[in-house]
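Fold and contact review
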Amino acid sequence: MALLLACSPLTACSRGSDDNPLGIGTFDPEAMASAEASESAAAAAASASAAASAEAAGIVTAESLSTDRYIVISIPEDLDEQQTEVLKAFINYDQVTWNIWFTRTGAENAEPLMTAEAYRRLKNGFEELGDGHTDGTVRVSVKAVTAVAYARAQIAICGDQSDLVSYDANGNDISNPETLQGRYETVITMVYEDGAWKESDEKTLTVNECVV
């Protein structure tokens, strides 16, 4: 019995008219690698297209909320419209404030996203930190989005900051492992004020116990 190999993008066969008169497919490693690379690129493009389509349709996904330096690992399922708006407002606030720590610039960008008292605290911390920059990637899992009162909601997250390194203006590593490089279970309070959801308060519940 002769075993005939059907050609497909994954088997990537080639035919030789002289040394293979029966036309039986032969294995071509280079063609297979090229086909797999093409499939991988196509899958990535399809994933990006799906995320863009979902966002355009108003559907929020972890991928659509992520950036290069702020990766959302997961979000709760079946969020209603209000919960979704709270989540989007929090992610926007968190990304803007993390960008301030990354670059040590643009503190004023956070002012519309926070209550006056919360912004005052951020400004004080920013001024105490001084010039420099932070490298690395933040990873966040959103565990819950909960309405706790009229115009008030809370978001529970696990934030993984273990990849971060903080530098002063002279390039010296000033990272504090107790406050920067860990996994933090945090509850963030958002309030509806002046027609927008704003960050009001944050409380860290555990350190290096939650899972992203």
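Scroll up to find the structure.
Presented here is an overview of the structure given in this document. (Residues numbered from 1 in each chain as written. Predicted model: local features only at pLDDT ≥ 70, side-chain atom pairs only at ≥ 80, totals over all residues. Heavy atoms only, no water.)

This part covers the sheet that holds strand E8 (residues 183-193). The strand order across the open sheet formed by 5 strands is E3-E5-E6-E8-E9, and the pairing between neighbours is mixed. Each edge of the open sheet is held by one strand with a lone partner, namely strand E3 (70-74) and strand E9 (196-207). Ignoring strand direction, the axes of neighbouring strands in this sheet form an average angle of 30°. The sheet contact formed by strand E6 (residues 152-160) and E8 spans 9 bridges and is antiparallel. When the bridges of E8 are listed, Ile 155 appears paired with Ile 188. Against the sheet, helix H3 (residues 81-103) engages E3, strand E5 (138-149), E6, E8 and E9, with an angle of about 135° to E5. (Pairing = 2+ DSSP bridges. Helix = DSSP H or I, 4+ residues; strand = E, 2+ residues; numbered from the N terminus. Axes fitted to C-alpha atoms, helices over the stretch in contact; angles between N-to-C directions. Contact = heavy atoms within 4.5 Å.)

The subject of this paragraph is the pattern of salt bridges. By the definition in use, this model includes 7 salt bridges. One salt bridge in this structure joins Glu 117 and Arg 121, with 3.7 Å as the shortest N-O distance. Of this pair, Glu 117 and Arg 121 both sit in helix H4 (residues 116-129), 4 residues apart, which is roughly one turn of the helix. Classification of Arg 121 as partly exposed rests on a relative accessible area of 38%. Between Asp 201 and Arg 121 there is a salt bridge, with the nearest N and O atoms lying 3.8 Å from each other. Remark: Arg 121 occurs in helix H4 and Asp 201 occurs in strand E9; sequence separation between them is 80 residues. Through salt bridges with shared partners, a single ionic network connects Glu 117, Arg 120, Arg 121 and Asp 201. (Salt bridge = Lys/Arg side-chain N within 4 Å of Asp/Glu carboxyl O. Buried < 20%, exposed > 50% of the residue type's maximum accessible area, 1.4 Å probe, protein only.)

Given a rise of 1.5 Å per residue, 23 residues ought to cover 33 Å, and the 33 Å separating the end C-alpha atoms of H3 matches this to within 8%. The N-cap residue of H3 is Asp 80: its side-chain oxygen and the backbone nitrogen of Gln 82 are 3.2 Å apart. Among the residues trailing H3, Arg 104 stands out with phi positive, at a value near 60°. (Expected span 1.5 Å × (residues − 1). Polar contact = N/O pair within 3.5 Å; in protein donor to acceptor, adjacent residues only side chain to side chain.)

Read these as layout, nothing more, since geometry by itself doesn't imply function.
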